[in-house]
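Overview (structure and organization)
Next come the chains, spelled out residue by residue.
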Protein chains: 2
Amino acid sequence: MLDVCLPGTGGMIPLPNRWLTCCWIEYQGAAVLIDCGEGTQIAIKKAGLKPSRLELLLITHFHADHVAGLTGMLLTLANSARGADQPLTIAGPPGIGRIVSALTIIAPRLPFPIEIIELSWERGGMPQKIEKAGLTVTALPLRHGMLCLGYRTELFRKPIFSPQKAAALDIPVKMYKVLHAGETVTLEDGLTIRPEQVLDGLRKPISVCYFTDTRPFDTMADFAYNTDLLISEGMYYDEQMRGKIEEKNHMLFTDSARIAAKSGAKRLWLTHYSPALERPHDGIRVAQKIFPDTVTAHDGIAITLE
Amino acid sequence: MLDVCLPGTGGMIPLPNRWLTCCWIEYQGAAVLIDCGEGTQIAIKKAGLKPSRLELLLITHFHADHVAGLTGMLLTLANSARGADQPLTIAGPPGIGRIVSALTIIAPRLPFPIEIIELSWERGGMPQKIEKAGLTVTALPLRHGMLCLGYRTELFRKPIFSPQKAAALDIPVKMYKVLHAGETVTLEDGLTIRPEQVLDGLRKPISVCYFTDTRPFDTMADFAYNTDLLISEGMYYDEQMRGKIEEKNHMLFTDSARIAAKSGAKRLWLTHYSPALERPHDGIRVAQKIFPDTVTAHDGIAITLE
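Quick caveat: nothing in here was measured; it's all calculated off a predicted structure.

The subject of this paragraph is the overall build of chain A. Within chain A one finds 10 helices and 16 strands. For 306 residues, the compact-globule formula gives about 19 Å, and the C-alpha radius of gyration of chain A, at 21 Å, lands near that figure. Expressed as lengths along the three principal axes of its C-alpha atoms, the size of chain A is roughly 75 × 50 × 40 Å. Per-residue burial for chain A yields a buried fraction of 56% across its 306 residues. When the accessible surface of chain A is split by element, carbon and sulfur atoms take 51% of a total near 13200 Å².

This is how it looks when you write it as structure tokens:
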């Protein structure tokens, strides 16, 4: 089970009634946060989430609305008695280390260690993987004028274990866990049991994909292939804004809906609305015509993916 | 007339129901902001104030709850079409230039110029004065472990002009303004008129004093002498917190009330409450016993001083 929440859904500027876009993904009490603009630490509390659970902070890019809240977040973690035994990993495009150093000029003595991961990839190859909080994260370079990363966060699950098959083979219950973890065991009578003998098929991983800020392009649908939840930006829904949106390297509702449809995503949450877009839900139909399972996300929207 | 507002009244951490401490002082459409923690730009909008009017940003010290919102504020000014002809002055303790440089790593191209003033003073002498937005600001070094400044913002007003005295001397109306501004004029018949001949006494300046974060000490009352509004921190009201408050270099409600009483201030607004102090008003009596005109300020509290 993966709990996903968007504490904020706004773009560019934090507003009195809309926090800046970010995404909280929690698995078994450990959390990943994507982006941390001004006020994100407040939005997280307002959404009822626990900052102390944060293990991995992913930054998409270095525009202020995605990263200016970093120092406040780190100090709040420090105030919540996070100690030397609870490191925080911060990952992002190359340069993230320099950004963290500069922004923490006003937080010089944090009581917990920070591990920096600058994401890199071979030309045409797979991006570097991060394994944290029980989850696997991969990144895709987007198209936004400055280097911006899309993220796929995935929970890989153990195959389905069959107690019936195990009982039929007279395997002691204490060995179920070992077999389920993929190890071969030898019983007291010398019989060797392989995991395949007690498994009942694979379970599909659970995944969340996150795209903002970018122009759309084909590889995005491949990267988000069959995802359980695609979170993707919709600055405006009005097609008359297309010129402006292309110039600023962002996406309309329909751009994200097309990616969702092509990727085979189960559902699409639109986010990162322009401050000028007061009622995003008014534009839901233009997206749903292309991809019916579209939701115009609002601050605090949450789902448990199973 | 001086309009004063506290968009936020919290200390240390921004909360869903309380913005971080800051103070907005506006005179004839030009504004001074004291401190800019995370979320201050949102608090200002929520209080109905216009960020575009900002001419002078004063920073008390470099703890994050007083300065982490600086980048977001600058970008919001940039988004409100502030151009090259509208510089912003940022003043604070020595080092403020370095802090602004570091924090603006994520806002590298602002469309308006920033003027930095690093406040300094001779040992035992008067602090450096700033004249901006029609107001005069002086600073006092406080006692907070790191260098922290208290600010006195003052509107010096022209003396009272007497149209009766001017009419009795047959002075043309077009010369009233010149005389009121303090210049001597010569009439067509060669008669010289000095300003004193048409004035009716001086008008007391209007002032606002701002103290946070600090331990109390005697000079503070001198610095706030006869002020119209003393804004001063009260982290807690419970005297049992005295040990903790002294250790952390802050003030209790009673500390600020004593300064108010000694200074001859007209009124006291308490602010910069601990996140643990949910209902500051519950402690109003301990302060009012020492200084009756005490108010436990809340986010958005405003007054027009005349």
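In this section: the sheet that holds strand E9 (residues 149–155) of chain B. Residues and elements named next belong to chain B. If you walk across this open sheet you meet the seven strands as E7-E8-E9-E12-E13-E14-E15, and the pairing is mixed. Either end of the sheet is taken by a strand with one partner, and the two such strands are strand E7 (130–132) and strand E15 (294–296). For this sheet, the mean angle separating the axes of adjacent strands, direction not counted, is 20°.

Residues and elements named next belong to chain A. With six of seven residues buried, strand E1 (residues 2–8) lies mostly within the body of the structure. Where E1 and strand E16 (residues 301–305) come together, five bridges link them in antiparallel fashion. From the neighbouring strand, Cys5 faces E16, where its bridge partner is Ala302. Here E1 pairs with strand E2 (residues 22–27) via four bridges, running antiparallel. Paired with Asp3 across the bridge in E2 is Glu26.

Our focus in this paragraph is helix H4 (residues 96–103) of chain B. H4(B) sits mainly inside the fold: six of its eight residues count as buried. Within H4(B), burial applies to Ile96(B), Gly97(B), Ile99(B), Val100(B), Ala102(B) and Leu103(B). Looking at the buried residues of H4(B), the elements they touch are helix H4 (96–103) of chain A together with helix H2 (64–67), helix H3 (70–79), strand E5 (88–92) and strand E6 (114–118) of chain B.

Moving on, we come to the interface of chain B and chain A. Taken together, the contacts link 29 residues of chain B with 29 residues of chain A. A buried area of about 2400 Å², summed over both sides, lies between chain B and chain A, and 71% of it is on carbon and sulfur atoms. Our count for the contact surface shared by chain B and chain A stands at zero salt bridges. There are four residue pairs in polar contact (both at pLDDT 80 or more) connecting chain B and chain A. Elements that contribute at least two residues to the side of chain B that touches chain A include exactly helix H1 (40–46), H2, H3 and H4 of chain B. The element best represented in the side of chain B that touches chain A is H1(B), accounting for five residues. Across the side of chain B that touches chain A, the residue classes break down as 17 nonpolar, eight polar and four charged.

Attention now moves to the side chain of Glu154(B). Residues and elements named next belong to chain B. Within the element layout of this structure, Glu154 appears in strand E9. The class of Glu154 is buried, set by a relative accessible area of 13%. Once residues within four sequence positions are removed from consideration, Glu154 is found in contact with Leu135, Thr136, Pro205, Ile206 and Ser207.

The full count for this structure, using the stated rule, is 30 salt bridges over all chains. For Asp200(B), the salt bridge is made with Lys165(B), and the minimal N-O distance between the two is 3.3 Å. Of this pair, Asp200(B) sits in the loop between strand E11 (192–193) and strand E12 (206–211) while Lys165(B) sits in helix H5 (residues 163–168), and the two are 35 residues apart along the sequence. For Asp200(B), a relative accessible area of 45% puts it in the partly exposed group. It is possible to trace a salt-bridge network through shared partners that takes in Arg215(A), Glu239(A), Arg242(A), Glu246(A), Asp255(A) and Arg258(A).

This part covers the confidence of the model for chain A. Taken residue by residue, chain A gives an average pLDDT of 94. The fraction at 70 or more is 98%. Across the interface, the model reports ipTM at 0.87; the global pTM reads 0.90.

This paragraph deals with empty space enclosed by the protein. Applying the stated criterion across every chain yields a total of one cavity of 30 Å³ or more. Here the largest cavity is characterised by a volume of approximately 50 Å³. In terms of residue class, the lining of the largest cavity is built from five nonpolar, two polar and no charged.

With that settled, the discussion passes to the relation of the copies chain B and chain A. Two chain copies, one operation linking them: a rotation about an axis together with a shift along it. Its rotation angle being 180°, the transformation that places chain B on chain A also includes 0.0 Å of axial translation and leaves an RMSD of 0.2 Å. In symmetry terms, the pair is related by a two-fold rotation axis. The residues that chain B uses at the interface reappear at the interface of chain A in 100% of cases, marking a shared surface.

On to the environment of Val100(B). Residues and elements named next belong to chain B. Here Val100 lies in helix H4. Of the residues examined, Val100 reaches a relative accessible area of 6% and is grouped as buried. Sequence separation between Val100 and Lys45 is 55 residues, and the spatial gap between their C-alpha atoms is 22 Å. The residues contacting Val100, other than those within four sequence positions of it, are Leu70, Ile90 and Ile116.

Residue and element names in this part refer to chain B. Strand order across the open sheet formed by seven strands is E6-E5-E4-E3-E2-E1-E16, with mixed pairing between neighbours. Taken across any chain shown, the strands that pair with only one partner, and hence form the sheet edges, are E6 and strand E16 (301–305). On average, each strand axis in the sheet is inclined to that of its neighbour by 15°, with strand direction left out of account. In this fold H4 packs onto E5 and E6, with an angle of close to 140° to the strand it touches most, E6.

How each quantity is defined
Residues numbered from 1 in each chain as written. Chains lettered and ligands numbered in written order. Predicted model: local features only at pLDDT ≥ 70, side-chain atom pairs only at ≥ 80, totals over all residues. Heavy atoms only, no water. Helix = DSSP H or I, 4+ residues; strand = E, 2+ residues; numbered from the N terminus. Rg over C-alpha atoms; globule rule 2.2 N^0.38 Å. Buried < 20%, exposed > 50% of the residue type's maximum accessible area, 1.4 Å probe, protein only. Areas by Shrake-Rupley, 256 points an atom, 1.4 Å probe, with all protein chains shown as cover. Pairing = 2+ DSSP bridges. Axes fitted to C-alpha atoms, helices over the stretch in contact; angles between N-to-C directions. Contact = heavy atoms within 4.5 Å. Buried area = accessible area lost by both parts, 1.4 Å probe. Salt bridge = Lys/Arg side-chain N within 4 Å of Asp/Glu carboxyl O. Polar contact = N/O pair within 3.5 Å; in protein donor to acceptor, adjacent residues only side chain to side chain. Nonpolar A, V, L, I, M, F, W, Y, C, P; charged D, E, K, R; others polar. pLDDT = per-residue confidence, 0-100. 1 Å grid on protein atoms, 1.4 Å probe; cavity = no way out; pocket = protein on both sides within 12 Å on 5 of 7 lines; lining within 4 Å. Points joined across faces, edges and corners; volume = space filled by probe spheres on them. Least-squares fit on C-alpha atoms with pLDDT ≥ 70 in both.

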